[in-house]
Amino acid sequence: MRAYLRRIWRYIVASAILLTVAPILHPLAAQDLSGAALPDFRAALAQWLEGEEEAALAAFRDLAHVQNLSAQTMLAIIDKSGHLQGPYVYSLPRTERIALLRADGGISGRSWIHAAAEGSHLAQSLNALWTVAGDKTLAQEFAMAGEDRAARVTLLVVAARQEKGFSEAFRAQDWYPASLLHLAGPHLPDNLSANRLHPGHPVRGMLGQPVTDEALADWLEQTPLALPLRGACARQCPGDVTSCTQALYHALDSYHALLKLGTPLASLVPEEEFAHSRRSAEALARRIMLNHTARTREAMQIRIAKIDSCAATWLADEFARYTPRPLMPVIKN
């Protein structure tokens, strides 16, 4: 009996210690993904950021097979995100693409996120985001961990799923993104009046207020949300970053699409570093391409060429990299 009581007492003490210590480390802290600091992973990540897709993905795959959680998570995100798949992945036959991006299992392989989730809270949360298991509380976890893009995406997904916005009390929390205050209930909140927004903020249009091209350009120059646009323009059209940024925003054709841009995972690649990488620029062009059908793509390019010809030319070149080349005809003697 005494032995039993001692065991109960030890359990109570251990539980109390865990409850006291647990808040010190957020469950989605960057340290949650093991393998991120290893030289082989950092080298592969650097290759991927600079567009060396074939070598980088092969390295991620090899690391994933030896239980590197960071590599497993990166492959899962790339596999899930079409805009992060460059021409090399696009050109691969289905079986080779599955072998490169996915773990063994089933007919079509298995996402590496399941393996990573066994040792990572962050991977578990990403898996929840990609399934119906994710809810608005998941957005708070991402926000508290510094994963701002994932938090925005989660809220947009949940709002679309439930076909309504969020309560005023929920939006009033400190962590809630200011960029999504318009996701309210049937009526927009009073504190989102046009007077409180930058004259060029796209949400003004949702409030029925005019937004001039000049005001929009000024907003795009200032907002952190447009960092991926400015980074791409700095690389591709340095002669006029302002008009290029405005053109790319119009090509994106959606404020909510802008909110989904950014680093795949801030825990592995900070926003600033990703935004100025070749991978970010290519991913932006690919997302714009995927946001338009083949019929609307041409009209979009004509429209933005009037804003910035350099941006239009760059997008056309990027789109062409995903166009299958026709087979050369066989010439018979």
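Fair warning: this is a prediction, and the values are worked out from it, not measured in the lab.

Caption draft 1: Molecular detail of the overall build of the protein chain. Check the secondary structure of the protein chain and you find 20 helices and zero strands. Residues classed as buried in the protein chain amount to 46% of the 333 residues present. Expressed as a percentage of contacts within the protein chain between residues at least 6 apart in sequence, the contacts between residues at least 24 apart total 60%. Counting every atom, the protein chain has about 17,800 Å² of accessible surface; 56% of that belongs to carbon and sulfur.

Caption draft 2: Spotlight on the pattern of salt bridges. Tallying each qualifying case throughout the model produces seven salt bridges. Put simply, Glu 282 and Arg 279 hold a salt bridge, and the shortest N to O gap is 3.3 Å. Remark: Arg 279 and Glu 282 occur in helix 18 (residues 278–290); sequence separation between them is three residues, near one turn of the helix. Residue Glu 282 shares its accessibility class with Arg 279, and that shared class is buried. Across the pair Arg 321 and Glu 282 runs a salt bridge, and its minimum N-O distance is 3.3 Å. In this pair, Arg 321 is assigned in the segment after helix 20 (309–320) and Glu 282 in helix 18, connecting sequence segments 39 residues apart. Taking relative accessible area as the criterion, Arg 321 reaches 33% and is therefore assigned partly exposed.

Caption draft 3: Seen up close, the state of the cysteines. For the structure shown, the criterion picks out two disulfides. Disulfide partner of Cys 233: Cys 244, at an S-S distance of 2.0 Å. Taking the sign of the S-S torsion, -80° for the link of Cys 233 and Cys 244, the bridge is left-handed. Taken together, the residues Cys 233 in helix 14 (residues 227–236) and Cys 244 in helix 15 (residues 241–252) connect sequence positions 11 residues apart. The same class applies to Cys 233 as to Cys 244, namely buried.

Caption draft 4: Quick look at empty space enclosed by the protein. On inspection of all chains with the given rule, the structure shows one cavity of 30 Å³ or more. In this structure, the largest cavity encloses a volume near 30 Å³. In terms of lining residues, the largest cavity is bounded by Glu 147, Asp 148, Arg 149, Ala 150, Thr 263, Pro 264, Leu 265, Ala 266 and Glu 271. Among the elements that take part in the lining of the largest cavity, helix 10 (residues 148–162) stands out by supplying three residues, more than any other. Tallied by class, the residues present in the lining of the largest cavity amount to four nonpolar, one polar and four charged.

Caption draft 5: Geometry of helix 10. Over its 15 residues, helix 10 runs 21 Å from end to end, which matches the ideal 21 Å to within 8%, given 1.5 Å per residue. Of the surrounding elements, those touching the buried residues of helix 10 are helix 8 (121–129), helix 9 (136–144), helix 11 (168–171), helix 16 (255–259) and helix 17 (271–275). Count one or two residues on from helix 10 and you reach Glu 163, which has phi positive near 55°.

Caption draft 6: Focus on the nonpolar core. Core analysis: the largest hydrophobic core is formed by 91 residues, its most contacted members being Trp 48, Phe 60, Leu 248 and Leu 315. With residues near it in sequence (within four places) discarded, Phe 60 still touches Phe 41, Ala 44, Leu 45, Trp 48, Ala 71, Met 74 and Leu 75.

Caption draft 7: Seen up close, the packing of helix 15 against helix 20. Here helix 15 crosses helix 20 at 50°, and the two axes come no closer than 8 Å. Considered as vectors, helix 15 and helix 20 are oriented oblique to each other. In terms of crossing hand, the pair formed by helix 15 and helix 20 is right-handed. When helix 15 is examined against helix 20, the residues Cys 244, Ala 247, Leu 248 and Ala 251 are found in contact with a partner set consisting of Ala 311, Trp 314 and Leu 315. Within the contact of helix 15 with helix 20, the residues separate by chemical class into seven nonpolar, no polar and no charged.

Each value, and the rule that gives it
Residues numbered from 1 in each chain as written. Predicted model: local features only at pLDDT ≥ 70, side-chain atom pairs only at ≥ 80, totals over all residues. Heavy atoms only, no water. Helix = DSSP H or I, 4+ residues; strand = E, 2+ residues; numbered from the N terminus. Buried < 20%, exposed > 50% of the residue type's maximum accessible area, 1.4 Å probe, protein only. Contact = heavy atoms within 4.5 Å. Areas by Shrake-Rupley, 256 points an atom, 1.4 Å probe, with all protein chains shown as cover. Salt bridge = Lys/Arg side-chain N within 4 Å of Asp/Glu carboxyl O. Disulfide = S-S within 2.5 Å. 1 Å grid on protein atoms, 1.4 Å probe; cavity = no way out; pocket = protein on both sides within 12 Å on 5 of 7 lines; lining within 4 Å. Points joined across faces, edges and corners; volume = space filled by probe spheres on them. Nonpolar A, V, L, I, M, F, W, Y, C, P; charged D, E, K, R; others polar. Expected span 1.5 Å × (residues − 1). Core = buried A, V, L, I, M, F, W, Y, C linked by side-chain atoms within 4.5 Å. Axes fitted to C-alpha atoms, helices over the stretch in contact; angles between N-to-C directions. Parallel < 35°, antiparallel > 145°, perpendicular 65-115°, else oblique. Left-handed = near helix turned anticlockwise from the far one by under 90°.

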